[in-house]
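Here is what each chain is made of, one letter per residue.
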Amino acid sequence: MGTATAVKLRRLGPAVAMLSIAWSAQAAAQDHLFDEVRLGGLMAADKTDTNDERGGFVEAMFLFDPWGHNEADGLQKLIRPRIHAGATISSAGEASQLFTGFSWTVDLGDGFFLESGFGGTLHNGDLKNDGTDGPKLGCALLFHEYAAAGISLDAHWRVVAQIEHSSHANLCGDTNNGLTRGGVLIGYKF
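Residues numbered from 1 in each chain as written. Predicted model: local features only at pLDDT ≥ 70, side-chain atom pairs only at ≥ 80, totals over all residues. Heavy atoms only, no water.

Caption draft 1: Spatial organisation of the sheet that holds strand 7 (residues 157-167). Overall, antiparallel pairing links the eight strands, which are arranged 1-2-3-4-5-6-7-8 in a closed barrel. Strand-to-strand twist across the sheet, computed as the mean angle between neighbouring axes with direction ignored, equals 25 degrees. Looking at chain direction, strand 2 (residues 56-64) and strand 3 (residues 82-90) are connected through eight bridges and run antiparallel. Bridging from a neighbouring strand, F57 pairs with S90 of strand 3. (Pairing = 2+ DSSP bridges. Helix = DSSP H or I, 4+ residues; strand = E, 2+ residues; numbered from the N terminus. Axes fitted to C-alpha atoms, helices over the stretch in contact; angles between N-to-C directions.)

Caption draft 2: Structural detail: the environment of F118. Looking at the element boundaries, F118 is found in strand 5 (residues 112-123). Taking C-alpha positions, F118 is 9.7 Å from I83, a pair spaced 35 residues apart along the chain. Excluding its chain neighbours within four sequence positions, the residues that come into contact with F118 are H84, G101, F102, W104, F143, H144 and E145. (Contact = heavy atoms within 4.5 Å.)

Caption draft 3: Fine view of the packing of aromatic side chains. This structure, assessed with the given rule, holds seven aromatic pairs. The interplanar angle of 35 degrees and the centroid separation of 6.2 Å between the aromatic rings of W67 and F102 together place this pair among those described as tilted. Of the two residues, W67 is situated in the loop between strand 2 and helix 3 (76-79) and F102 in strand 4 (residues 97-109); the sequence distance between them amounts to 35 residues. Judged by relative accessible area, which is 41%, W67 ranks as partly exposed. Looking at F102, the relative accessible area reads 37%, which means it is partly exposed. Pairing F118 with F143 gives two aromatic rings, centres 5.8 Å apart and planes at 25 degrees, and the pair type is stacked. Of the two residues, F118 sits in strand 5 while F143 sits in strand 6 (residues 141-152), which places them 25 residues apart along the sequence. Residue placement shows R158 over the ring face of F113; its charged tip is 4.1 Å from the ring centre. (Phe/Tyr/Trp six-rings, centres within 6.5 Å; stacked < 30°, edge-to-face > 60°. Buried < 20%, exposed > 50% of the residue type's maximum accessible area, 1.4 Å probe, protein only. Lys NZ or Arg CZ within 6 Å of the ring centre and 35° of its normal.)

Structural data, given as structure tokens:
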């Protein structure tokens, strides 16, 4: 492992510790550690010269329901979101991420649902233009948002099509290529 890769991985250490603490606290508060667990694959959706990311990305996402989003109706769902946390790992040395935030799900009937999420991410990608290919992200901490459409196959299993984006909204200088990825995840709802 090269020195640059080792430094990038060390930057992710504090975020891993924060996620571990959050998951431990959540476990004490409910019967199941997670409300839902998702695992899937993503590909880069922005294939321009500045954002061309190689390979695929494996994503694991964990959703918690500490405020009763699943039981809420109408506008109560807006003020009682679920919490999500997860990681996206590159298969080809591109930017990997740890992310967390809030998620809102709208049931459409017959098992179909729409979902959106907003939060933040910590990544190990390139910050400044250094002459290499791939996105230049400006700072290590970015906004992270996603939109998804899914179907519940039964009481537990779900298939989710998701598109996500991470950037700093030009709050961290002029370098802001961002990360845009899309793919499919399989979810298990407890």
